[in-house]
Structure formats: C-alpha cells, structure tokens
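Read off the chains here:
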Amino acid sequence: MSIMNKPGKLIIDGNVGENWRVFRREFDEYINASGLENAEDERKLTLLLNFAGTDAQEILDNSDLDTEDKKIFDIVLKFFEDRFVVKTNETLLRFTFFSRSQRENESFEEFYNALQKLAEGCEFDNQKNFLLRDQIVIGIQNQKLREEFLKIPQLSLETAVERCRTSEAVREQARKRAAEEKIADAENFTDDTWTASHADARCDFRKKKTPAEFNGGSAFY
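Notes on the structure follow. Just so you know, these numbers come straight off a predicted model, no measurement behind them. Numbers given for residues are sequential positions, taken from 1 along each chain in its written order. At least 70 in pLDDT is required for a residue's local features to be given in this predicted model, at least 80 for side-chain atom pairs to be given and counted, and no such filter applies to totals for whole chains, interfaces and linings, which use all residues. Side-chain figures throughout are based on the complete set of non-hydrogen atoms in the structure, without hydrogens or water.

### Focus on the overall build of the chain
Runs of E in the DSSP output that reach at least two residues are strands. Runs of H or I that reach at least four are helices, and both are numbered from the N terminus. Regarding its fold elements, the chain presents 11 helices and zero strands. Along the chain, helices (α) and strands (β) appear in the sequence α-α-α-α-α-α-α-α-α-α-α when read from the amino end. Burial classes: relative accessible area under 20% of the type maximum marks a residue as buried, over 50% as exposed, and values in between as partly exposed (1.4 Å probe, protein chains only). Counting over 221 residues, the chain shows a buried share of 27%. For the area figures, the Shrake-Rupley method with a 1.4 Å probe applies, and any residue is considered shielded solely by the protein chains shown. Put simply, the chain shows about 16,100 Å² of open surface, and 51% of that area lies on carbon and sulfur atoms.

Below, the structure is given as structure tokens:
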C-alpha cells in the first residue's frame, strides 16, 4: 500500500496566491488519491481546514459567510479561492516586465531580482527562462557585454547571469583598486615631501641672476 503525502500547511503571508495554488493542488491530489471525491461535505471540510491550519480557520470564522454556507465544501473552497487568488492584469504585468531596464547605479543582482519578481505574475510557464535571458540582454547597461551576448548562438540564462555577475565583480575590484591607489598616493605626499619640493624651488630661485648682474654689474639703489 502506497503512502499518500498530506498537503503542507497553507502559509498566509508572502505570495499568498502562489501558496494557495500549491496547497490547493496538494489537497486535490490527496482527496483524489484517498477516494474522497464524493465524500460528505463535513468530512472534506474537516480535512481542508485541518490541513490549511488555524490561520485559515480564523479567516473563515471571521468572514461574512452565512453559518450554513460555512458548512458547504464548495462554497468554502470558493471563498478561499476568491480571498487568496488576486486576479491580475497579465497584459500590464508583461508590459512592465518587457519595459524594465537596468537603472543607473543599480547592480546587476538588483536588476535580475526585479525581473524575476516581475515574471512571477506573467504566466510565462516554460518560456520564463528564455524571456528572462532576453530581457537581461536587452536591459543591461553594459553595451560591450550585450554585444558579446548577441554573438552567442545558444545563450542560456545561466550563462548570461554568471557572465554579468563576473563582469560586475571585475569592474568593482578595479574601482576599489584605483581608489586604494589614489589614497596611497595621497598618504605618501608627506610634509617632508612638501618641504623638499619647496627647498628645491628656493635653490632654483637663488641661482637666478640679480638685477645688478642683468645690468653689467651695476646696481640701481
């Protein structure tokens, strides 16, 4: 006899819509595998609320549903569906995704995380990685890196991400090294260096001819 996996607890924070979809799928699979599709509402409701957890139970208890409606499985299921699944404007979400470019002074990691978050509601399905890759190529500020990507016939998302991270890390190291060298040069310019340079200047001045020397040895006083 196979052991059926019970649904995990419904998490009522973060991406609640996605959490509900995962819970609902696992719950439906459990009900079907257990042969409870045609079970009485009371039994299915007990299982639903037991698996969902106390937070879901409290939300239902504080809802405006009638007492009798709270006993009907399909009505309670639809209540949670309407409560947790926010209807989204897919066209607007995709427009926002495809319009997103790396901003000035924005790190690649920040840009990539923003793209991933925007992609969550776009329903890209199995095209998600390809479209993330394309938007990285289109949106990065590094023109040289973009040209490099366009020469790669089968560029993968993983390769694009790793190359962007490496390039940014190299540039950051070079920037820090230049800053450290500038600080070191400033520290090496000590008071002794200043004194010595001015002493050399005084020596040069003393070597210049006096007014008397410029006038054949006679001075005007």
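Don't stop here, the text continues.
### A look at the environment of Leu155
With respect to the element layout, Leu155 can be found in the loop between α8 (143-150) and α9 (157-188). Separated by 21 residues in sequence, Leu155 and Asp134 place their C-alpha atoms 9.4 Å apart.

### A look at unusual backbone geometry
If you check the backbone angles, Asn105 has positive phi at about 65° while not being a glycine. The topology assignment puts Asn105 in the loop between α5 (90-99) and α6 (108-119). Even without being glycine, Glu123 reaches a positive phi, approximately 55°. With respect to the helices and strands, Glu123 occurs in the loop between α6 and α7 (128-139).

### A word on the side chain of Arg133
With respect to the helices and strands, the residue Arg133 is situated in helix α7. The term polar contact refers here to a pair of N or O atoms within 3.5 Å; inside protein, the definition further demands a hydrogen-donor-capable atom paired with an acceptor-capable atom, and it admits residues adjacent in sequence only when both atoms are side-chain atoms. A distance of 2.9 Å separates the side chain of Arg133 from the side chain of Asp134, its partner in a polar contact. The residues touching Arg133, leaving out its near neighbours within four places in the chain, are Leu155, Ser156 and Leu157. Two residues form a contact once any of their heavy atoms are found within 4.5 Å.

### Observations regarding the side chain of Lys44
Of note, Lys44 is situated in helix α2 (residues 41-52). His is not counted here, nor are the chain ends, while Lys and Arg score as positive and Asp and Glu score as negative. Salt bridges, as used here, are contacts in which a Lys or Arg side-chain nitrogen is within 4 Å of a carboxyl oxygen on Asp or Glu. Despite being buried, Lys44 has no salt bridge partner; Asp41 is the closest side chain of opposite charge, sitting 4.6 Å away. If near-sequence neighbours (up to four positions away) are discounted, Lys44 is found in contact with Phe27, Leu36, Glu37, Ala39 and Phe73.

### Comments concerning the packing of aromatic side chains
By convention, a stacked pair of Phe, Tyr or Trp rings (six-membered ring in the case of Trp) has centres within 6.5 Å and planes under 30 degrees apart, an edge-to-face pair has planes over 60 apart, and any other such pair is tilted. Per the stated rule, a full pass over the model turns up 13 aromatic pairs. When the ring of Phe80 is compared with that of Phe84, the centres are 5.7 Å apart and the planes differ by 5°; the resulting orientation is stacked. Placement of both Phe80 and Phe84 in helix α4 (residues 73-84) is noted, with a separation of four residues, approximately one turn of the helix. Both residues of the pair, Phe80 and Phe84, count as buried. Through a chain of ring-to-ring contacts, the aromatic side chains of Trp20, Phe23, Phe27, Tyr30, Phe51, Phe73, Phe79, Phe80 and Phe84 assemble into a single cluster.

### Digging into the environment of Lys117
The residue Lys117 is located in helix α6 in this model. For the pair Lys117 and Phe97, spaced 20 residues apart in the sequence, the C-alpha separation amounts to 9.2 Å.

### Section: the packing of α6 against α7
Helix axes use the C-alpha atoms of the stretch in contact, all axes being lines fitted to C-alpha atoms, and the angles between their N-to-C directions lie in the range 0 to 180 degrees. For the pair α6 and α7, interaxial distance at closest approach is 11 Å and the crossing angle is 140°. Of the possible angle classes, the one that applies to α6 and α7 is oblique. The way α6 lies across α7 gives a crossing that is right-handed. Contact residues: Phe108, Phe111, Tyr112, Leu115, Gln116 and Ala119 in α6; Lys128, Leu132, Gln135, Ile136 and Gly139 in α7. In this classification, the charged set is Asp, Glu, Lys and Arg, the nonpolar set is Ala, Val, Leu, Ile, Met, Phe, Trp, Tyr, Cys and Pro, and all remaining amino acids, among them Gly, are polar. Residues of the contact of α6 with α7, tallied by class, amount to seven nonpolar, three polar and one charged. Angle categories are assigned with fixed cut-offs, so that under 35 degrees is roughly parallel, over 145 is roughly antiparallel, 65 to 115 is roughly perpendicular, and the rest are oblique. Two helices cross in a left-handed way if the nearer one is turned anticlockwise from the farther one by less than a right angle. They cross in a right-handed way if the turn is clockwise.

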